[in-house]
Amino acid sequence: MTKALVSPSILSADFVNLERDVKRLAEWGADYVHCDVMDGVYVKNLTFGMPMIKAIKRISPLPLDVHLMITEPERYLDEFVSAGADIVTFHPDASRDPERALDMLGERGVKRGIVINPDVRLEDYIRLLHKCDVLLVMSVFAGLGGQKFIPETLDTVRRGKKYILENGLDVIIEIDGGVGAANAATCREAGVDMIVAGSAVFNASDPAGVVNALRG
Ligand code: DX5
Ligand code: ZN
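These numbers come from a predicted model, not from an experiment. Numbering of residues starts from 1 in each chain and follows the order in which that chain's sequence is written. Ligands are numbered from 1 and chains lettered from A, in the order in which they are written. The predicted origin of the model limits local features to residues at a pLDDT of at least 70 and limits the giving and counting of side-chain atom pairs to 80 or more, whereas totals for whole chains, interfaces and linings rest on all residues. In computing side-chain values, all of the structure's heavy atoms are included and hydrogens and water are not.

Chemist: Tell me about the site of ligand 1, and name the residues and values.
Modeler: Close to ligand 1 lie 20 residues, the nearest being D36, G143, D176, G198 and S199. Between S9 and ligand 1, the recorded distance is 3.1 Å, taken from a side-chain N or O atom to an oxygen atom. Pairs of N or O atoms are called polar contacts if they sit within 3.5 Å, as long as, within protein, a hydrogen donor faces a hydrogen acceptor (for residues adjacent in sequence, only side-chain-to-side-chain pairs). The separation between an oxygen atom of ligand 1 and a polar main-chain atom of L144 is 3.4 Å. Only the protein chains shown count as cover for residues, and the accessible areas themselves come from Shrake-Rupley with a 1.4 Å probe. Protein contact buries 100% of the 380 Å² of open area that ligand 1 shows by itself. Every definition here rests on a 1 Å grid over the protein atoms only: cavities are sets of points where a 1.4 Å probe fits but cannot get out, pockets are open sets enclosed by protein on both sides within 12 Å along at least five of seven lines, and lining residues have some atom within 4 Å of a point. To decide whether a molecule occupies a pocket or cavity, check its atoms: if more than half lie within 2 Å of the grid points, it is inside. When atoms are counted within 2 Å of each cavity's grid points, the one that captures over half of ligand 1 is the largest pocket. Strands here are runs of E lasting at least two residues and helices are runs of H or I lasting at least four, both read from the DSSP assignment and numbered beginning at the N terminus. Breaking the shell around ligand 1 down by element, the ones donating at least two residues are β2 (33-38), β3 (64-69) and β8 (194-197). If one sorts the elements of the shell around ligand 1 by residue count, β2 sits on top with three residues. Three classes are used: nonpolar for Ala, Val, Leu, Ile, Met, Phe, Trp, Tyr, Cys and Pro, charged for Asp, Glu, Lys and Arg, and polar for all others, with Gly counted as polar. Taken together, the residues of the shell around ligand 1 break down into eight nonpolar, 10 polar and two charged. The rule for a residue being near a molecule or strand is that one of its heavy atoms must lie within 4 Å of it.

See below:
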């Protein structure tokens, strides 16, 4: 089994010491900084927007993996790219025209992808994978860190992997929510290439050890 990329979510970082925590991610061996943008409309919670991405970009040694949990993401894609996002993923069910949104990201030259919540059928959006670099499968309902992993979502990972392989696509599968050292191997076995983890990394006594365990 191949190793996974690791993208810790700064939602679980100490916002007062964000510069310190973002810089530590590189020391812990992570590959990306996962930034959870929530608008209080598509999801109940509110987090941060473009100015925060811009600020993190200034100090982060690692590329930014920006997960947009916002309604009509197409309104802000340009600004998130300009702020320094390296990967932009959005929920297609929140978009008026997900195909156009992917085209906009493609024109800006960033890596792009769609996010599938546990109650969204991958098959309703699967043709969009032809325009994606990333398929992000939510293993909890988007909106909050620290939730319990939903094992049934691994079936979405498997179906996504099958489609990607059958169609010869260059798309990686990312998983997000409730993942830690204990269930990372199951995720990788199902076909996951990149693991997001918030609480499992930031609440650990040995975060570098957790990053290493997630990678496999
Ligand atoms: C949830 C976010 C996740 C979250 C993961 O809506 O998309 O990225 O921060 O947190 P954990 O790993 O604690 O479930
Ligand atoms: Zn996320």
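Structure shown, so let's carry the discussion forward.
Chemist: Mind laying out the pairing of strand β5 (residues 111-116), listing which residues take part and the relevant values?
Modeler: Each regular strand carries side chains that alternate between the two faces of the sheet. The buried fraction of β5 amounts to five of the six residues, a majority that puts the element mostly inside the structure. Judged from the four bridges that link them, strand β4 (residues 87-90) and β5 form a sheet pairing that is parallel. Counterpart to I87 in the pairing with β5 is K111. Crossover handedness for the path β4 to helix α4 (residues 98-108) to β5: right-handed. Strands pair, by our definition, only if DSSP identifies at least two bridges between them. Two elements, β5 and strand β6 (residues 134-138), share four bridges in a ladder whose sense is parallel. Its bridge partner lying in β6, I116 is registered against V137. Remark: exposure states derive from per-residue accessible area (1.4 Å probe, protein chains only) relative to the maximum for the residue type, with buried under 20%, exposed over 50%, and partly exposed in between. Seen with the strands pointing away from the viewer, any crossover whose path from the first strand over the helix to the second strand runs clockwise is right-handed.

Chemist: Kindly report on the side chain of E174, identifying the contributing residues and their values.
Modeler: Turning to its location among the elements, E174 is positioned in strand β7 (residues 172-176). Counting rule applied: Lys, Arg positive; Asp, Glu negative; His and chain ends not counted. Take a side-chain nitrogen of Lys or Arg and a carboxyl oxygen of Asp or Glu: if they are within 4 Å of each other, that pair is a salt bridge. Despite being buried, E174 has no salt bridge partner; K111 is the closest side chain of opposite charge, sitting 12 Å away.

Chemist: With reference to specific residues and values, describe the coordination of the zinc ion (ligand 2).
Modeler: Distances decide who is a donor: an N, O or S atom must be within 2.8 Å of the metal, or within 3.2 Å for Na, K and Ca. Water is not included, so sites may look incomplete. Listed as protein donors to the zinc ion (ligand 2) are H34 (NE2), D36 (OD), H67 (ND1) and D176 (OD); their distances from the metal cover 2.0 to 2.3 Å. Each of the six donor atoms around the zinc ion (ligand 2) contributes to a set of angles spanning 69 to 169°, which defines the coordination as octahedral. Linear spacing of the donor residues for the zinc ion (ligand 2) on their chain is H-x1-D-x30-H-x108-D. Note that H34 is positioned in strand β2 and H67 in strand β3, a separation of 33 residues in sequence. Its relative accessible area of 0% is what places H34 among the buried residues. Accessibility expressed as a relative area gives 0% for H67, which makes it buried. Geometry is assigned from the angles between donors: four donors with all angles from 85 to 135 degrees make a tetrahedral site, four or six donors whose opposite pairs exceed 155 degrees while the rest stay between 65 and 115 make square planar or octahedral sites respectively, and everything else is labelled irregular.

Chemist: Residue-level account of the environment of M194, with values.
Modeler: Assignment of secondary structure puts M194 in strand β8. Note on M194: relative accessible area 0%, which makes it buried. Considering only alpha carbons, one finds M194 and E99, 95 residues apart in sequence, at a separation of 23 Å. Ignoring anything within four residues of it in the chain, the contact list for M194 reads A4, L5, S7, Y32, D65, I87, I172, I173, E174 and I175. Contacts are assigned to residue pairs with any non-hydrogen atoms lying within 4.5 Å of each other.

Chemist: Run through the sheet that holds β6, naming residues and quoting values.
Modeler: Strand order in this open sheet of eight strands is β1-β8-β7-β6-β5-β4-β3-β2, and the pairing throughout is parallel. Sheet topology places β1 (5-8) and β2 at the edges, where each strand pairs with a single neighbour. Geometrically, the sheet is characterised by an average inter-axis angle of 20° between neighbouring strands, direction not taken into account. Examined bridge by bridge, β1 and β8 share four bridges and lie parallel to one another. Bridge pairing in β8 links V6 to I195. Of the strands in this sheet, β5, β6 and β7 are in contact with helix α5 (residues 153-166), which crosses β7 at around 170°. An axis is simply a line fitted to the C-alpha atoms; with a helix, the fit covers only the stretch in contact. Between two such axes, the angle follows the N-to-C directions and lies from 0 to 180 degrees.

Chemist: Break down the layout of surface pockets for me, with residues and values.
Modeler: Grid points are joined across faces, edges and corners, and a volume is the space filled by probe spheres set on the points. Approximately 230 Å³ is the volume attributed to the largest pocket. Forming the boundary of the largest pocket are 24 residues, of which L144, G145, G146, D176 and G177 lie nearest the centre. Residue assignment for the lining of the largest pocket shows that the elements contributing at least two residues are β2, β8 and α7 (199-202). Of the residues assigned to the lining of the largest pocket, the class counts are 12 nonpolar, 10 polar and two charged.

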